[in-house]
Amino acid sequence: MRNYSLLTLCLLCGGISLFAQNSKIQSSVKNVETKVDSVLAMMTLEEKVGQLVQYNGSWDLTGPASELDGKQKESNLKKGLVGSMLNVLSVDATREAQKMIMENSRMKIPLIFGYDVIHGYKTIFPVPLGETASWDLEAMEKTARISAIESVANGINWTFSPMIDISRDARWGRIMESSGEDTYLTGQVAIAKVKGYQGDDLADQLTIAATAKHFAGYGLAEAGRDYNTVNIGENVLHNVVLPPFKDAADAGVATFMNSFNEIDGIPSTGNKTLQRDILKGAWNWDGFMVSDWGSIPEMINHGVAKDKKQAAEIAINAGSDMDMEGGAYETSLVALVNEGKVDIANINDAVKRVLRVKFMMGLFEDPYRYSDPKVAKNISYKEHEAVARDAAKKSIVLLKNESSLLPIKSSVRSIAVIGPLADDKDSPIGNWRAQGEANSAVSVLEGIKSAAGKNVKINYAQGTTLGVGERSFLMPLEINKTDRSGFSKAIEMAKKSEMVVMVLGEDAFQSGEGRSQASIKLAGLQQELLEAVFKVNKNIALVLLNGRPLEITWSAENIPSIVEAWFLGTESGNAIADVLFGTYNPSGKLPVSFPRSVGQEPLYYNQKNTGRPSNAEHVTYSHYTDVAKDALYPFGFGLSYTTFKYGDIAISSEAMNAEETLTVTIPVTNIGKVAGKEVVQLYLHDLVGTTTRPVKELKGFEMISLQPGETKNVSFTITEKMLQYYTANKKWESEVGDFDVMIGGNSKDLKKITFSLN
Ligand code: BGC
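Going along each chain's sequence as written, the residues are numbered from 1 onward. The predicted origin of the model limits local features to residues at a pLDDT of at least 70 and limits the giving and counting of side-chain atom pairs to 80 or more, whereas totals for whole chains, interfaces and linings rest on all residues. Just so you know, side-chain values use all the structure's heavy atoms and leave hydrogens and water out.

**Q** Help me understand the overall build of the protein, please; the structure alone is not making it clear to me.
**A** Helix and strand definitions follow DSSP, with helices as H or I runs of at least four residues and strands as E runs of at least two, each counted in order from the N terminus. Along the backbone of the protein there are 22 helices and 29 strands. In terms of principal-axis extent, the alpha carbons of the protein reach across some 85 × 65 × 50 Å. Nonlocal contacts in the protein, meaning residues at least 24 apart in sequence, comprise 77% of its contacts between residues at least 6 apart. Note on areas: these come from Shrake-Rupley sampling with a 1.4 Å probe, and a residue is covered only by the protein chains present in the view. Total accessible area on the protein is roughly 28200 Å²; 50% of this is exposed by carbon and sulfur atoms. Averaged over its 79 positive side-chain charges, the protein has a centre that lies 3 Å from the centre of its 91 negative ones. The contact definition used throughout considers only heavy atoms, calling two residues in contact when any of these lie within 4.5 Å. In this tally Asp and Glu are treated as negative and Lys and Arg as positive; neither His nor the chain ends contributes. By convention, charge coordinates are those of NZ in Lys, CZ in Arg, CG in Asp, or CD in Glu.

What follows is the structure, given as C-alpha cells:
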C-alpha cells in the first residue's frame, strides 16, 4: 500500500481530496472551514502549538544545519512543530525547509514564509511615507503587485506589510515606513496595498499574504522614541489609530502583527481588548495575529509577566496567535494547557486561524507553489524599473519654487551638483530594503547627467560626507561633524555654475526601526555647507532625500526652490531629474506636516481646537512664544509648475438627514502655462460633538489632470457615514448639528461652506 499521510487518508475518507481541489473551491469559505476543522481534529496538542511557532531562518537551510540553534530548529521542523519561518530567502531554501516538514512530519502541514517586503523586494520603490505622497492609490497597488511577484520568485509568500501606524512625530524613525499622520489617507493606502499583495485570490501563485501592522498605537510613542510608552485614550485609539486597521481587515488582509508598545498600561501583545474583543470580535476578522519579533517575552521587561511562561499565557489568552522568534509558545503552551491556565479553545482558535490562511493560500494543495523556479525566469526587471520610476516621480513634492528656478531652463549651460547625497547610490534605497542591492539606485548626479545632455556642464562636488564608516541595519551611523575638506571644491563649483542643485538630507539608515532622533535638523555639516554655497550662488534648488520630515526653516526662508524627494528607490535619480527638468510636473502632496521646529512635535493638522485657540491681546492661549504653532509646510501641501485656482463651493442642499446625501462641487482651474495634476482634498469639521472634535479631518480626495486654461468641476458626495465618529457613547455614530465642508489643494488653504445634519 502507498504510504499516505494520516492527514491525506483521513481527508480522503471524508470524501475531501485536499490535493485535488481547484483554487475556486479553495476560496469557498465553507469548504475551507470544513477542511480546517478536519485537520484540527487530527492534531495533537504539541502539533497545534507547533503551528503557533515562527522561526527565523538564520542558518543555511540548503546544507546541514550549521549551528546548535539551527540543529534544534531543524529537528523541530521535521517533527512538524513549526508553523512558519521568516527570513528564508530563496526558492531553494524555502523548498528545503518545506521538504523537512512534508517528508518527515506526521501531519505534513506546510509552512508559510514571511519577510519584510516593505517597499519592494529587489526592485525598490519609494519608502512608504514617500510613496503615500503620490496620493496615487492605483500606482501604490501596482508596486505592491510587483513586490509580491518578486517575493514569490524568491520563495516568499507572506509580507509583513503594510505598516499602517498613524505617525505624527518626525522624531520617530519608523515614520518612514508609515503613510504619515492621516487616518483616512492611511486607510486608503492600506486597502490599495492589501489588494496589490493579495490580489483577488490568495491561492494564486503570484500573490502573497499581507500583514496589517503594528496593532496598535506603535506610531504614537511618547517623545517619538521607538518602543516607548503610548498614552492614548479611547478617543484617539478609536478615531485615529484603529480605522486604517479596520479598513485592512475589511479588505481581507490575511494577517495582523501586534506591536512592541504598551497602551495605557497594557502591552499590545497581551491586550485582549484590542486583539480579541475588537479585531476578532467586533470586526469579525478571521485571519491570524503574529506577534512582533520577541514581543511576547518582552512582556517580562514591560513588567507584566515574571517569566516566559507567564508571558505566553498572557499573550495567547489575549489573542496573539503566533510567536515570532520569542521561544515562549514552544516552551510553555503545552504545559499551560495541561495546567488549566490556557483554555484549549484559545489554542484551537489560534491554530484554526493559521490553518485557514494556509488553506486560502493553496498550500495544502501544493506546498511548493511559492517555491517555483519558473516564476523568477518570467520576471522582467526592466519593466519593474519603469514602474519604479513612475512611482518615484509621482512621490516627489515641490515645497517651494520662487523665481521659477525650476524646471531648469533649456538655456542653462552649467549646473553645480553638490552634497553628500548627490552621488549616493545607496541612500535612495532607504531602510527596510529587503533584497534591494546596496549602491544600486540611480544617483541624483547620474539622473541629472543623463537628463541634461552634452550641452550642459555638470560641476560635481560632494562638499562633505554625511557619515563616517559603514552603514548598517543594526548600528547607528556615525555622523561626520569635523571634516570640511570638501567645502572649498564645492564653493568653487558653485561659483562657476549658473545654478546649483544641492542634495542633502538623511543617510538611508538614519530613519527606520530604532532610529529615533531628538534633532531633525540636517545632520552633520550639511547646513554649514549649504550656507557656504549660498553665499556664492543663491540660485539653489535644494533636493532633500530623507525618511522623515526635517527641520528646514532656514532653507524655507532663504533657498528659492526646495524639492522633497524622500528615499525614492531604484530609479531615484532619474525620477528626480524628470521633475528638475520638467519632464514631469510635480504632483505630490505631503502626507505629514513639516515643523518649523522639532519642539512642535508631535505635529499634525487634525488637532483639537483647545479651550484657548487664540488671543490677540495676551499670551495665555495655546501656542509657543518663540515659534508659530502651525506647520512650516502643512499636511496635503505640494506645489506644481502650474497654478490651480479654486472657485467657490456649491452645495446641493444646506441640510441633510441620516438617510440623505449631499453633493459639494468646486470648480478648479489651471491658470498656469503647463498641464498639471492636482489632488483636490475634502475636509470636514464637526462643529459641536459630545466629545471634542478635530478642527478638520480629511474625508476624501480626487486627483485631476488639467490642461492650461482648463476648468473641472470636482464633486464629492457627503454621506452620513462620513460624519460618524467614536462618540461619548463609545460607539460609531453621527450626531446632529452643523458641519463645515472644506475643499482645497492642502489642509490649510481651503474654501468653506456649512451644512447641517438633522
Ligand atoms: C519589526 C517588525 C518586523 C519584524 C520582522 C520587528 O523588529 O518591528 O515590523 O516585521 O521585526 O523583521
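What follows picks up the thread again.
**Q** Would you take a moment to explain the pattern of salt bridges for this structure?
**A** Pairs may arise between side chains of opposite charge once their charged atoms sit close together. Any carboxyl oxygen of Asp or Glu within 4 Å of a side-chain nitrogen of Lys or Arg constitutes a salt bridge here. Scanning the model with the defined rule gives 43 salt bridges in all. Of the charged contacts, one joins Lys213 and Asp116 as a salt bridge, the two residues approaching to 3.3 Å between their closest N and O atoms. Highlighted residues: Lys213 in strand 5 (residues 211–215) and Asp116 in the loop between strand 3 (112–115) and helix 7 (128–132), separated in sequence by 97 residues. Assessed through its relative accessible area of 1%, Lys213 is described here as buried. Close ionic contact of Lys382 with Glu385 constitutes a salt bridge, the shortest N to O distance being 3.0 Å. In this pair, Lys382 and Glu385 both sit in helix 17 (residues 381–395), three residues apart, roughly one turn of the helix. Buried residues are those whose accessible area, probed at 1.4 Å on protein chains only, stays under 20% of the maximum for their type, while exposed residues exceed 50% and partly exposed ones sit between those limits.

**Q** What should I look at first to understand the packing of aromatic side chains in this one?
**A** When we look at a pair of aromatic rings, we describe it by the centre distance and by the angle of the planes. Aromatic pairs are defined between Phe, Tyr and Trp rings, using the six-membered ring for Trp, whenever the two ring centres lie within 6.5 Å; interplanar angles under 30 degrees are classed as stacked, those over 60 as edge-to-face, and all others as tilted. Tallied over the entire structure, the rule returns 22 aromatic pairs. When the ring of Phe215 is compared with that of Trp283, the centres are 6.2 Å apart and the planes differ by 65°; the resulting orientation is edge-to-face. Here Phe215 is found in strand 5, whereas its partner Trp283 is found in the loop between helix 11 (272–282) and strand 9 (288–290), with 68 residues between them in sequence. Exposure remark for Phe215: the relative accessible area of 0% places this residue in the buried category. Taking 5.5 Å as the distance between ring centres and 80° as the angle between the ring planes, the aromatic pair formed by Tyr605 and Tyr683 counts as edge-to-face. Of this pair, Tyr605 sits in the loop between helix 22 (572–580) and strand 19 (644–646) while Tyr683 sits in strand 23 (residues 676–686), and the two are 78 residues apart along the sequence. No difference in accessibility class separates Tyr605 from Tyr683, as the two residues are buried. Among the aromatic residues, those joined into a cluster by ring pairs are Trp135, Tyr184, Tyr605, Phe635, Tyr683 and Phe701. Two limits define a charge over a ring: the Lys NZ or Arg CZ must be within 6 Å of the ring centre, and within 35 degrees of the ring normal. The aromatic ring of Tyr55 is capped on one face by Lys73, whose charged end is 5.1 Å from the ring centroid.

**Q** Could you clarify how one ought to interpret the site of the ligand in this entry?
**A** In this text, near means that some heavy atom of the residue lies within 4 Å of the molecule or strand in question. Taken together, Leu86, Asp116, Phe160, Arg174, Lys213, His214, Met257, Phe260, Asp292, Trp293, Met324 and Glu513 form the complete shell of residues around the ligand. Taking Asp116, its side chain carries an N or O atom lying 2.4 Å from an oxygen atom of the ligand. The contact in question runs from an oxygen atom of the ligand to an N or O atom on the side chain of Glu513, over 2.9 Å. Residues belonging to the shell around the ligand are distributed by class as follows: six nonpolar, one polar and five charged. Under the rule applied, a polar contact is a pair of N or O atoms within 3.5 Å (in protein, one hydrogen donor and one hydrogen acceptor; residues adjacent in sequence only if both atoms are side-chain atoms). The classification used treats Ala, Val, Leu, Ile, Met, Phe, Trp, Tyr, Cys and Pro as nonpolar, Asp, Glu, Lys and Arg as charged, and all other residues, Gly among them, as polar.

**Q** Would you mind showing me how to read the nonpolar core here?
**A** In summary, soluble globular proteins display a tendency toward joint burial of nonpolar side chains. The biggest cluster of nonpolar side chains holds 98 residues, and the ones touching the most others in it are Met85, Phe215 and Phe256. Counting residues per element, this core draws most heavily on helix 15 (residues 344–360), which supplies seven residues. Dropping the residues within four chain positions of it, Phe215 is found in contact with Leu242, Phe245, Phe256, Met257, Asn258, Ser259, Ser268, Leu274, Gln275, Leu279, Trp283 and Met289. By nonpolar core we mean a set of buried residues, namely Ala, Val, Leu, Ile, Met, Phe, Trp, Tyr and Cys, connected to one another through side-chain atoms within 4.5 Å. The next biggest cluster of nonpolar side chains, apart from the first, holds 82 residues, and it includes Leu399, Val456, Ala461 and Ile576.

**Q** Even after reading the chapter, I still don't get the pairing of strand 13 (residues 457–461), so can you show me in this structure?
**A** When a strand is regular, its side chains alternate between the sheet's two faces. When strand 12 (residues 414–418) meets strand 13, the two strands line up parallel, connected through five bridges. Across the sheet, the residue bridging to Ile415 is Ile458, located in strand 13. Classification remark: right-handed applies to a crossover when, strands pointing away from the viewer, the course from the first strand over the helix to the second runs clockwise. With helix 18 (residues 444–452) bridging strand 12 and its parallel neighbour strand 13, the resulting β-α-β unit is right-handed. At least two bridges found by DSSP between two strands is the condition for calling them paired.

**Q** Just to check I follow, could you spell out helix 5 (residues 68–78) for this structure?
**A** Residues three or four positions apart in an α-helix share a direction because the helix packs 3.6 residues into each turn. Within the sequence span of helix 5, burial applies to Gly70, Lys73, Glu74, Asn76 and Leu77. The arc that holds the buried residues of helix 5, viewed along the axis, is 165°, so those residues lie on one side. In this structure, the buried side of helix 5 is in contact with strand 1 (53–56), strand 2 (84–86), helix 6 (91–104) and helix 14 (329–338). With its phi angle positive at about 75°, Gly80 sits one or two positions after the end of helix 5. Summarising the geometry, the arc corresponds to the directions from the helix axis toward the C-beta atoms.

**Q** It is not clear to me how the sheet that holds strand 9 should be interpreted in this structure. Could you clarify?
**A** Strands in a sheet are paired, the pairing made by backbone hydrogen bonds, and the direction either parallel or antiparallel. Reading across the sheet, the three strands line up as 5-6-9 and stay open at both edges, with parallel pairing between neighbours. If you trace the sheet from one side to the other, it starts and ends with strand 5 and strand 9, each paired once. Sheet twist, expressed as the average angle between the axes of neighbouring strands with direction ignored, equals 30°. The sheet contact formed by strand 5 and strand 6 (residues 255–258) spans four bridges and is parallel. Note that in strand 6 the partner of Phe215 across the bridge is Asn258. To obtain each axis, a line is fitted to C-alpha atoms, and for helices this fit is confined to the stretch in contact; angles are then taken between N-to-C directions over 0 to 180 degrees.

**Q** Please clarify how the side chain of Arg276 should be interpreted in this entry.
**A** With respect to the helices and strands, the residue Arg276 is situated in helix 11. Judged by its relative accessible area of 15%, Arg276 falls in the buried class. A polar contact is formed between the side chain of Arg276 and the backbone oxygen of Ile316, at a distance of 2.8 Å. Within the local environment of Arg276, its side chain forms a polar contact with the backbone oxygen of Asn317, the two atoms lying 2.7 Å apart. Contacts of Arg276, omitting those with residues within four sequence positions, involve Gly281, Ile316, Asn317, Ala318, Gly319, Asn346 and Asp349.

**Q** How should I be thinking about the side chain of Thr123 in this particular structure?
**A** One can find Thr123 in the loop between strand 3 and helix 7. A polar contact is formed between the side chain of Thr123 and the side chain of Glu150, at a distance of 2.5 Å. Other than its neighbours up to four places away in sequence, Thr123 contacts Glu150, Tyr381, His384, Glu385, Ala388 and Thr570.

None of the figures reported here should be taken as evidence of function without further support.
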